[in-house]
Amino acid sequence: MFFASDNSGPAHPSVLDALHRANEGYRFGYGADAEMDRVRQMVRDLFEAPEAAVYLVATGTAANSIALATLAQPWETIFCTKPSHINEDECNAPEFYSGAKLTLVDDVNAKMTAETLRAAMEAEETRGVHGPQRGPVSITQVTEKGTVYTLDEIAAVTKVARDFGVSTHLDGARFANAIVTLGCTPAEMTWKAGIDCVSFGGTKNGLMGVEAVIFFDPKHAWEFELRRKRGAHLFSKHRYLSAQMEAYLTDDLWRDLATRANAAAQRLAEGLRATGQVTFTHEPEANLMFFSAPRHLHQKLQGAGAQYYVMDSLDGDADALVVGRLVCDWSIGAEGVDAFLDVLKR
């Protein structure tokens, strides 16, 4: 009953097998391995982007921060929502790597809209040389509240960005889960909707630790390479990153694992609704959800061994409503979900 994070689950066995194979013999370092050559072509094929620049790093923070540093000048501001991952969970790394600031855009269900983005962008570049200049837009997909931008919502946001002459970055730590929810292709959710750069996540979806950064315009390639090296995120034994990503892309493993995680979350949400004791702060759309329940219910669940985050102390008024966060990874399955729900029936 481990629902604390999809970072907490195991790597898929096929990923570990790929690492074992990659450990045999010798390879050139720093991304010159044969596995990376295959990965680059696989990513280009998957995204229907034959000219895309494709790079690997080990963490989502590195992927987002170095990508945004490539897109933003130090005198610019990056537009994102308050609950975006780059604002709430990366310890100012985007600002550190880019030198730019973050401007927080009002959100609706944890998503910026074309209207809120336009208002935020119109408020900048009003003080000439004395104020920040407009820089890239960054959206989190799936959002940190478990909601998912539709294709139309993404296209509306990117149109505003283009109107102001700036690029758009998609933080896709849970990229695969969003694709499964929307039933679309990676191309449809990215460049066909106006996205310029994407962090294609794997760590939350069955990899040991690797994320891809994809620029659909290869003009950014060399600068990203330099920033990755300068930022200490160019792996010498790069083959171990490449091997994970190659396994992830082979036979659509990335999609299969996200399908499992989303299905578990749907089963969990339906079971929680059936209790009549739970409300959701946002409608669950992918593999994570926030739910409000009496404190005594959280006490009961965690006392039985369920692991998840509670956004307040477990001590206090037993009937007071407290919010908890549940995240399903690829491995939790129906058994883990049903064990959790069975506690509520006791």
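Residues numbered from 1 in each chain as written. Predicted model: local features only at pLDDT ≥ 70, side-chain atom pairs only at ≥ 80, totals over all residues. Heavy atoms only, no water.

Describe the overall build of the chain, naming the residues involved and giving the relevant values.
Broken down by element type, the chain carries 14 helices and 13 strands. Relative to the 2.2 N^0.38 estimate, which gives 20 Å for 346 residues, the radius of gyration of the chain is 21 Å and therefore close to what a compact globule would have. In terms of principal-axis extent, the alpha carbons of the chain reach across some 60 × 60 × 35 Å. Sorting the 346 residues of the chain into buried and exposed places 55% on the buried side. Across the chain, every contact between residues at least 6 apart in sequence was considered, and the portion connecting residues at least 24 apart equals 74%. Roughly 14,700 Å² of accessible area belongs to the chain as shown, and the carbon and sulfur atoms make up 51% of that amount. (Helix = DSSP H or I, 4+ residues; strand = E, 2+ residues; numbered from the N terminus. Rg over C-alpha atoms; globule rule 2.2 N^0.38 Å. Buried < 20%, exposed > 50% of the residue type's maximum accessible area, 1.4 Å probe, protein only. Contact = heavy atoms within 4.5 Å. Areas by Shrake-Rupley, 256 points an atom, 1.4 Å probe, with all protein chains shown as cover.)

Can you explain the sheet that holds strand S12 (residues 309–310)? Please cite residues and give values.
Spatially, the 4 strands line up as an open sheet ordered S10-S11-S13-S12, and their pairing is antiparallel. Each of the sheet's edge strands pairs with one partner strand only, and the pair in question is strand S10 (279–280) and S12. Helix H12 (residues 253–275) contacts S10, strand S11 (288–294) and strand S13 (321–327) of the sheet and is inclined by roughly 20° relative to S11. Helix-sheet contacts for helix H13 (residues 295–303) involve S11, S12 and S13, and the interaxial angle to S11 is about 115°. (Pairing = 2+ DSSP bridges. Axes fitted to C-alpha atoms, helices over the stretch in contact; angles between N-to-C directions.)

Give a description of the nonpolar core that names residues and reports values.
In summary, soluble globular proteins display a tendency toward joint burial of nonpolar side chains. Phe-47, Leu-117, Val-137, Ile-139, Phe-200 and Met-245 are the most contacted members of the largest nonpolar core, which totals 62 residues. With 6 residues, the single largest contributor to this core is helix H11 (residues 239–249). Apart from residues no more than four positions distant in its own chain, Phe-200 is found in contact with Leu-46, Phe-47, Gly-172, Phe-175, Glu-211, Ala-212, Ile-214, Met-245, Tyr-248, Leu-249 and Trp-254. In this structure, Phe-3, Ala-306, Tyr-308 and Cys-328 belong to the second largest nonpolar core, which totals 25 residues. (Core = buried A, V, L, I, M, F, W, Y, C linked by side-chain atoms within 4.5 Å.)

Before we move on, could you go through the environment of Ala-247 and cite the residues and values that matter?
Tracing the chain through its elements places Ala-247 in helix H11. With 53 residues separating them along the chain, Ala-247 and Gly-194 place their C-alpha atoms 28 Å apart. When near neighbours in sequence (up to four residues on either side) are disregarded, Ala-247 contacts Ser-14, Val-15, Ala-18 and Leu-253.

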